[in-house]
Amino acid sequence: MTQKFDVVVIGAGPGGYVAAIKAAQLGLKTACIEKYQDKEGKLALGGTCLNVGCIPSKALLDSSWKFHEAQDGFKVHGINHAGVTMDVPAMVGRKAGIVKNLTLGVSSLFKANGVTVLEGHGKLLAGKKVEVTGSDGKVQIVEAENVILASGSRPIDIPPAPVDQDVIVDSTGALEFQAVPKRLGVIGAGVIGLELGSVWSRLGAEVTVLEALDKFLPAADEAVSKEALKTLTKQGLKIRLGARVTGSTVDAKKKEVEVNYTDADGEQKIVFDKLIVAVGRRPVTTELLAADSGVTIDERGFIFVDDQCATSVPGVYAIGDVVRGMMLAHKASEEGIMVVERIKGHKAQINYDLIPSVIYTHPEIAWVGKTEQALKAEGVEVNVGTFPFAASGRAMAANDTGGFVKVIADAKTDRVLGVHVIGPSAAELVQQGAIGMEFGTSAEDLGMMVFSHPTLSEALHEAALAVNGGAIHIANRKKR
Ligand SMILES: Cc1cc2nc3c(=O)[nH]c(=O)nc-3n(C[C@H](O)[C@H](O)[C@H](O)COP(=O)(O)OP(=O)(O)OC[C@H]3O[C@@H](n4cnc5c(N)ncnc54)[C@H](O)[C@@H]3O)c2cc1C
């Protein structure tokens, strides 16, 4: 007999699994279809984020940072020790353990909330029917009042550097190196390229990042991207801008790859022991939609949706990386919640203007709202307040004084329009800005709040005060 559900979700990434849990919590009979198998051939929930994305990359970033600190950062505290070494397989093993814990955690949450897991490949048919093909080839059809497509994304391949997951790897392969490559190339100076480049650079790899664009981190505020380029270069990342990769040749015997690229000086060659291709991700819609499903795809391959994630078929929604917008786990999850709330008849909406972006390098880079350049291009007059961590007592105590907080406010209304941070705990600090901005905070409001001392958060307080010339612990550029 055909199983019927109120909600069927295809994909158990942070978009799909959060949507499924929320739907079950709201009393909807829910199933979630997932096909991803771990190295042991077992179904693993959690999608890209938990298995090969956010979590494993942060695990390696934290391990490599601790190693770097132990090697270079402890002396200043008076801690002397010799001969710190790195056991790479142990580090990668720790990461695998965290991934397992979390993916099993999603299974437990499904169980606790009564979400039915259907293992296999899901395909949307006409009339809100979904075909599920198991790994054993068995096919079943389920029916749904509502279908949520959450099939996510996968790395983009480029013909000049085909991934072999040995010498040339994608982001997934770069999380699995069992030894530190001596010479590591990274194609793409985006979030993933910089994070993975930082991991292996901290462990001793000589890292060169080849970026086709002339501009570094074009989405970030210019002051932040300038500071980031300076700091990451000082840390040893060789970042080559305007470097367009044209070809590569793998020497299987020597286990190395020669990469050809062109830049302002003409044709160049460089040899690496490993090469990470991190040029972006594309939506996954392979075998997802039957020809008569009625769901349309836009010219860039994303499932076409409106602002509320409804597709062209009533009762069918799509969320996360497979639709327009930033490819971020928290954006996927919030879209999942919004869709389920709307299925229940509630009025839910996402404020797409206030989705924070984070790059987990050290220092971290994070922002919410608009950049100074974007606001000026829109003709908005702004006041800007900046506070450097070099003037923060807490940052000094931690010997982590690089970077700054920048608060941008409307010159007429004082409403905060952007918070940009490069520095320690930037990801956490920017969230405070996001909360304030959601409630329409002015720079004056932030300045009037009491912040604990000594905290890194005081840098946000001081930057907000600096917007109107009132910072206490630096000389104000703007006078009251
Ligand atoms: C190295 C790396 C680091 C990242 N770091 C961060 C970070 O720090 N913060 C952040 O916000 N984002 C980060 N991201 C991005 C983040 O992982 C994605 O934005 C997020 O996972 C998208 O969630 P999703 O649910 O849309 O899709 P996914 O997580 O991709 O999940 C989709 C799931 O659907 C399954 N699926 C696909 N098609 C079918 C089908 N037909 N049938 C059954 N199952 C199917 C897939 O197997 C997959 O499990 C990172 C990504 C990478 C690669």
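Scroll up for the structure.
Predicted model only: the values in this text are computed from it and were never measured.

What counts, and at which threshold
Residues numbered from 1 in each chain as written. Predicted model: local features only at pLDDT ≥ 70, side-chain atom pairs only at ≥ 80, totals over all residues. Heavy atoms only, no water. Helix = DSSP H or I, 4+ residues; strand = E, 2+ residues; numbered from the N terminus. Buried < 20%, exposed > 50% of the residue type's maximum accessible area, 1.4 Å probe, protein only. Contact = heavy atoms within 4.5 Å. Pairing = 2+ DSSP bridges. Axes fitted to C-alpha atoms, helices over the stretch in contact; angles between N-to-C directions. Near = heavy atom within 4 Å. Polar contact = N/O pair within 3.5 Å; in protein donor to acceptor, adjacent residues only side chain to side chain. Areas by Shrake-Rupley, 256 points an atom, 1.4 Å probe, with all protein chains shown as cover. Nonpolar A, V, L, I, M, F, W, Y, C, P; charged D, E, K, R; others polar. Expected span 1.5 Å × (residues − 1). Arc of directions from axis to C-beta.

A. Representation of the side chain of Ser201 within the structure. Here Ser201 lies in helix α6 (residues 191-202). For Ser201, a relative accessible area of 15% translates into the label buried. What Ser201 contacts, discounting residues up to four positions off in sequence, is Val207, Gln235 and Leu237.

B. Molecular detail of the sheet that holds strand β15 (residues 274-277). Overall, parallel pairing links the 5 strands, which are arranged β8-β15-β9-β10-β11 in an open sheet. Edge strands, defined here as strands with exactly one partner in the open sheet, are β8 (168-169) and β11 (238-241). Two elements, strand β9 (residues 183-187) and β15, share 4 bridges in a ladder whose sense is parallel. Within the sheet, the bridge partner assigned to Ile187 lies in β15 and is Val277.

C. Focus on the sheet that holds strand β22 (residues 416-423). Taken in spatial order, the 5 strands line up as β18-β19-β22-β21-β20 in an open sheet, and their pairing is antiparallel. Edge positions in the sheet fall to β18 (357-359) and β20 (382-388), since each has one partner strand and no second. Sheet twist, expressed as the average angle between the axes of neighbouring strands with direction ignored, equals 10°. Where strand β19 (residues 364-369) lies against β22, 6 bridges are found, and the strand directions are antiparallel. Bridge assignment links Ala366 to a residue of β22, and that residue is Val421. Of the strands in this sheet, β20, β21 (404-410) and β22 are in contact with helix α13 (residues 458-467), which crosses β20 at around 145°.

D. Region of the structure containing the site of the ligand. Not every one of the 38 residues close to the ligand is listed here, only the nearest: Glu34, Thr48, Lys58, Gly122 and Ala329. Taking Ala329, its main chain carries an N or O atom lying 2.9 Å from an oxygen atom of the ligand. Surface burial for the ligand is 94%, taken as the share of its 1000 Å² of free accessible area covered by protein chains. At the level of secondary structure, the elements contributing two or more residues to the shell around the ligand comprise β2 (30-34), α2 (47-52), α3 (54-73), β4 (121-124) and α8 (329-343). Considering each element in turn, the shell around the ligand owes the most residues, 4 residues, to α2. For the shell around the ligand, a count of residues per class yields 16 nonpolar, 17 polar and 5 charged.

E. Structural context of helix α7 (residues 222-234). Counted at 1.5 Å a residue, the expected span for α7 with its 13 residues is 18 Å, and the 18 Å between its end C-alpha atoms agrees. Among all positions in α7, only Val224, Ser225, Glu227, Ala228, Thr231 and Leu232 are buried. Burial along α7 is one-sided: seen end-on, the buried residues are contained in an arc of 160°. Exposed and oriented more than 90 degrees from the buried face of α7 are Lys226, Lys230 and Lys234. In this structure Asp221 caps α7, since a side-chain oxygen of it lies 3.1 Å from the backbone nitrogen of Ala223.

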